[in-house]
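Observations on chain architecture
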Amino acid sequence: MSEIFISYYNSPYGELILGTYNEQLCLCDWRYRKMRDAVDNRIKKILNASFTKGNSKVLEETVRQLEMYFKGELKQFNLPVLYAGTDFQKQVWSELMNIPYGNTETYLNLSKRLGNVKAIRAVATANGANAISIIVPCHRIIGSDGSLVGYAGGLPAKKKLLDLENPERDRQLGLF
């Protein structure tokens with residue numbers, strides 16, 4: 001059986017579990033999220049691998065880029081990412097990567113971008129199954145009314161991430 005090397009990173013907004021498989025990042029997720037076991041089991045099953053505490057160049061580079069991001073010095077990550085999910089989930093996660101830093105998108109618009117406006121619930125479920133938080137920016141998805149909705153790291157972390165990326169966001173929403 002192959003190995004997924006994991007380590008933990010204390011971000012300013014909560015602890016993350018990081019994992020690499022064959023020098024690709026397959027995990028950057030909130031350590032204490034509700035679906036932790038389900039997400040970990042999905043990744044292990046798809047990659048036919050087990051978790052082993054360890055380090056790798058990709059894990060070190062992930063931490064370096066996350067630290068730059070949290071300081072406001074990095075707006076786009078440059079890491080080798082490996083999605084462990086269904087074809088549909090991979091499609092949703094790839095589309096999330098097209099939402100620019102500082103911007104937000106709704107589930108409805110994300111569904112439209114994927115070519116199926118009726119897939120809102122499926123898109124929301126795939127968004128919630130994202131195991132590469134922050135780097136695959138699922139935090140940039142908001143409700144159609146502009147409200148903050150579900151986030152694996154919790155709504156306070158989601159708000160902090162959105163405020164980090166766009167400090168004017170709350171004031172802009174207040175204009176409408």
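Attention in this report is confined to the structure presented alongside it.

Criteria and cut-off values
- Residues numbered from 1 in each chain as written.
- Predicted model: local features only at pLDDT ≥ 70, side-chain atom pairs only at ≥ 80, totals over all residues.
- Heavy atoms only, no water.
- Helix = DSSP H or I, 4+ residues; strand = E, 2+ residues; numbered from the N terminus.
- Rg over C-alpha atoms; globule rule 2.2 N^0.38 Å.
- Contact = heavy atoms within 4.5 Å.
- Areas by Shrake-Rupley, 256 points an atom, 1.4 Å probe, with all protein chains shown as cover.
- Lys, Arg positive; Asp, Glu negative; His and termini not counted.
- Charge placed at Lys NZ, Arg CZ, Asp CG, Glu CD.
- 1 Å grid on protein atoms, 1.4 Å probe; cavity = no way out; pocket = protein on both sides within 12 Å on 5 of 7 lines; lining within 4 Å.
- Points joined across faces, edges and corners; volume = space filled by probe spheres on them.
- Nonpolar A, V, L, I, M, F, W, Y, C, P; charged D, E, K, R; others polar.
- Buried < 20%, exposed > 50% of the residue type's maximum accessible area, 1.4 Å probe, protein only.
- Arc of directions from axis to C-beta.
- Core = buried A, V, L, I, M, F, W, Y, C linked by side-chain atoms within 4.5 Å.
- Pairing = 2+ DSSP bridges.
- Axes fitted to C-alpha atoms, helices over the stretch in contact; angles between N-to-C directions.

**Regarding the overall build of the protein**
Helix and strand content of the protein: seven helices and six strands. Start at the N end of the protein and walk to the C end: the helices and strands fall as β-β-β-α-β-α-α-β-α-α-β-α-α. The C-alpha radius of gyration of the protein comes to 16 Å, within 12% of the 16 Å expected for a compact globule of 176 residues. The principal-axis extents of the C-alpha atoms in the protein amount to approximately 55 × 35 × 25 Å. Across the protein, contacts joining residues at least 24 apart in sequence account for 58% of those joining residues at least 6 apart. For the protein, the computed accessible surface area is about 9000 Å², with 51% contributed by carbon and sulfur atoms. Measuring between centres, the 23 positive side-chain charges of the protein sit 5 Å from its 18 negative side-chain charges.

**Looking at empty space enclosed by the protein**
Summed over the entire model, instances satisfying the criterion amount to one cavity of 30 Å³ or more. Here the largest cavity defines a volume of roughly 50 Å³. Residue lining of the largest cavity: Cys-26, Arg-42, Ile-43, Leu-82, Tyr-83, Ala-84, Trp-93, Asn-130, Ala-131 and Ile-132, and that is the complete set. A class-by-class count of the residues in the lining of the largest cavity yields eight nonpolar, one polar and one charged.

**So, helix 5 (residues 120–128)**
Within helix 5, the full set of buried residues consists of Val-123, Ala-126 and Asn-127. One side of helix 5 carries all its buried residues, which in axial view fall inside an arc of 105°. Set apart from the buried face of helix 5 by more than 90 degrees, the exposed residues are Arg-121 and Thr-125. Looking at the buried positions of helix 5, the neighbouring elements they touch are helix 3 (87–96), helix 4 (107–113) and strand 6 (141–142).

**Remarks on unusual backbone geometry**
Positive phi, normally seen in glycine, also occurs at Glu-23, with a value near 60°. Inspection of the secondary structure assignment puts Glu-23 in the loop between strand 2 (14–21) and strand 3 (24–30). What makes Glu-23 partly exposed here is its relative accessible area of 40%. For Asn-48, which is not a glycine, the phi torsion comes out positive at approximately 50°. Position of Asn-48 among the secondary structure elements: in the loop between helix 1 (36–47) and strand 4 (49–53).

**A few points about the nonpolar core**
In globular proteins that are soluble, nonpolar side chains generally tend to be buried together. Counting residues in hydrophobic clusters, the biggest one holds 36 residues, and the most contacted among them are Leu-66 and Ile-134. Counting residues per element, the ones that place at least two in this core are strand 2, strand 3, helix 2 (57–70), helix 3, helix 4, helix 5 and helix 6 (155–165). At five residues, the largest contribution of residues to this core is made by helix 2. The residues touching Leu-66, leaving out its near neighbours within four places in the chain, are Tyr-9, Leu-16, Leu-18, Cys-28, Phe-77, Ile-134 and Ile-135. In this structure, Ile-4, Tyr-21, Ala-49 and Ala-131 belong to the second largest nonpolar core, which totals 13 residues.

**Side note on the sheet that holds strand 3**
If you trace the four strands from one edge of the open sheet to the other, you get 3-2-1-4, paired in mixed fashion. Looking at the sheet topology across the chains shown, the edges are occupied by strand 3 and strand 4. Strand-to-strand twist of the sheet, defined as the mean angle between neighbouring strand axes without regard to direction, takes the value 30°. Looking at chain direction, strand 1 (residues 2–11) and strand 4 are connected through five bridges and run parallel. Counted as the bridge partner of Ile-4 is Phe-51 from strand 4. Contacting strand 1, strand 2, strand 3 and strand 4, helix 1 runs over the sheet at an angle of about 170° to strand 3.

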